[in-house]
Number of protein chains: 2
Amino acid sequence: MSRSNPKVLSTLERAGGFASAQEIYKLMQRNGQRIGLTTVYRSLQSLLKENIVDVLRRDDGEAIYRLCGDSHHHHLVCKNCGSTVEIEGAAIEKWAKSVAAEHGFRDIGHTAEVFGTCSNC
Amino acid sequence: MSRSNPKVLSTLERAGGFASAQEIYKLMQRNGQRIGLTTVYRSLQSLLKENIVDVLRRDDGEAIYRLCGDSHHHHLVCKNCGSTVEIEGAAIEKWAKSVAAEHGFRDIGHTAEVFGTCSNC
DNA sequence: AACAGGAATGAAAATGATTGTCATTATCAT
DNA sequence: ATGATAATGACAATCATTTTCATTCCTGTT
């Protein structure tokens, strides 16, 4: 059917593992890569199905994609300037596990993001 | 400036305290109330600013509004069958606030979801 | 009652992200 | 080289939401 364009994935990595489709598209253009917006969206859909990326929503409804997998951390994102701080989430891990166990869920994963306005904005 | 149309609020209440702008609009039409979509959106914005309603995002990005005062909760979603359980998130609230404060962030919001495989699947 | 000024309304157009369409192009085994 | 199949991207369509702007509704004042 459709496989993901590897450059989309590497761009997402370079972006800090966290970006919207439109941002990835603009980044690739700036880097001189010829790619269509459609392909960016399609690649992200594929990466989603392969569980290589996760999707979240920003406050304005724009979908943001992030690499999932290895070192699990969360993000503190400025709604205004977009700056991102990686944060630890040990408390969340515990919470997710206990809540899931309570309801008999297995193979647990979770997403958690904090949005706000940073001290510079 | 602009005050909220009281019928928008009562429709949201009748809808179970949980609906999108488009749904509220359609509900009001079915109930024979003459109102414009614009007014529905404007009223919801006002209710937001007055902290009478909260806004969340559905998976497809559509904004859903809910009366607040209902305790803020999160979701436990089955990856397989899609069944959803509402869960408490007091731990998350605290975590989000403390993490944000540590980094000097203001006007905090957060998202948190737990997903896995439910006992039936 | 008539009037003025501001707020509220809603139809229609604009916006912006995302998805669908479809003709073209690249890839690959034969 | 040939044909089959998958990938690509320009463009149009979709859908929620926002903006614009002319009109209507209030409300207090003469």
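Reading guide: rules and limits
Residues numbered from 1 in each chain as written. Chains lettered and ligands numbered in written order. Predicted model: local features only at pLDDT ≥ 70, side-chain atom pairs only at ≥ 80, totals over all residues. Heavy atoms only, no water. Pairing = 2+ DSSP bridges. Helix = DSSP H or I, 4+ residues; strand = E, 2+ residues; numbered from the N terminus. Axes fitted to C-alpha atoms, helices over the stretch in contact; angles between N-to-C directions. Contact = heavy atoms within 4.5 Å. Core = buried A, V, L, I, M, F, W, Y, C linked by side-chain atoms within 4.5 Å. Buried < 20%, exposed > 50% of the residue type's maximum accessible area, 1.4 Å probe, protein only. Parallel < 35°, antiparallel > 145°, perpendicular 65-115°, else oblique. Nonpolar A, V, L, I, M, F, W, Y, C, P; charged D, E, K, R; others polar. Buried area = accessible area lost by both parts, 1.4 Å probe. Salt bridge = Lys/Arg side-chain N within 4 Å of Asp/Glu carboxyl O. Polar contact = N/O pair within 3.5 Å; in protein donor to acceptor, adjacent residues only side chain to side chain.

Q: Sorry if this is basic, but what is going on with the sheet that holds strand β6 (residues 106-117) of chain A here?
A: Where strands meet in a sheet, backbone hydrogen bonds hold them as pairs that are either parallel or antiparallel. Pairing within the open sheet is mixed, and its 6 strands lie in the order β5(A)-β4(A)-β6(A)-β6(B)-β4(B)-β5(B). Across the chains shown, the open sheet's two edge strands, defined by having one partner strand only, are β5 (84-87) of chain A together with β5 (84-88) of chain B. Ignoring which end each strand starts from, the neighbouring axes of this sheet average 25° apart. Sheet analysis places strand β4 (residues 73-78) of chain B next to strand β6 (residues 106-117) of chain B, joined by 4 bridges and oriented parallel. Considered in β6 of chain B, the bridge of His75 of chain B is made with Glu113 of chain B. Of the strands in this sheet, β4 (74-78), β5 and β6 of chain A together with β4, β5 and β6 of chain B are in contact with helix α4 (residues 90-102) of chain B, which crosses β6 of chain B at around 135°.

Q: In this structure, what is going on with the nonpolar core? I would like to understand it.
A: Soluble globular proteins: nonpolar side chains tend toward being buried together. If you look at the biggest cluster of nonpolar residues, it comprises 24 residues, and the most contacted ones within it are Leu76 and Trp95 of chain A together with Leu76 and Trp95 of chain B. Of all elements in the fold, only β4, α4 (90-102) and β6 of chain A together with β4, α4 and β6 of chain B reach the threshold of two or more residues within this core. Counting 15 residues, the second largest nonpolar core, distinct from the first, contains Val8, Val40, Val53 and Leu67 of chain B.

Q: Honestly, the sheet that holds strand β2 (residues 53-57) of chain A in this entry has me stumped. Any pointers?
A: Residues and elements named next belong to chain A. Taken in spatial order, the 3 strands line up as β1-β3-β2 in an open sheet, and their pairing is antiparallel. Where the open sheet ends on each side, the last strands, each with one partner, are β1 (18-20) and β2. Adjacent strand axes in the sheet meet at a mean angle of 30°, parallel and antiparallel pairs treated alike. In this sheet, strand β3 (residues 63-67) lies alongside β2 in antiparallel orientation, the contact comprising 5 bridges.

Q: So what exactly am I meant to see when it comes to the packing of helix α1 (residues 6-14) of chain B against helix α2 (residues 21-30) of chain B here?
A: Packed helices, taken two at a time, are described by their axes: the angle between them and the distance between them. Residues and elements named next belong to chain B. One way to put it is that α1 packs onto α2 with a least axis distance of 10 Å and a crossing angle of 100°. Compared by their axis directions, α1 and α2 come out roughly perpendicular. In contact with Lys7, Val8, Thr11 and Leu12 of α1, α2 contributes Ile24, Leu27 and Met28. For the contact of α1 with α2, the class distribution of residues is 5 nonpolar, 1 polar and 1 charged.

Q: Teacher, can you tell me more about the interface of chain B and chain A here?
A: Counting from both sides, the interface comprises 38 residues of chain B and, opposite them, 38 residues of chain A. In this assembly, chain B packs against chain A so that about 3000 Å² is buried in total across both faces, 63% of it on carbon and sulfur atoms. On inspection of chain B and its partner chain A, the count reaches 0 salt bridges. In this assembly, chain B and chain A are joined by 3 residue pairs in polar contact (both at pLDDT 80 or more). Of the residues forming the side of chain B that touches chain A, the biggest block, 12 residues, is contributed by β6 of chain B. Classifying every residue of the side of chain B that touches chain A by side-chain character gives 18 nonpolar, 11 polar and 9 charged. Note: β6 of chain A against β6 of chain B, 9 bridges, orientation antiparallel. Note that in β6 of chain B the partner of Thr117 of chain A across the bridge is Arg106 of chain B.

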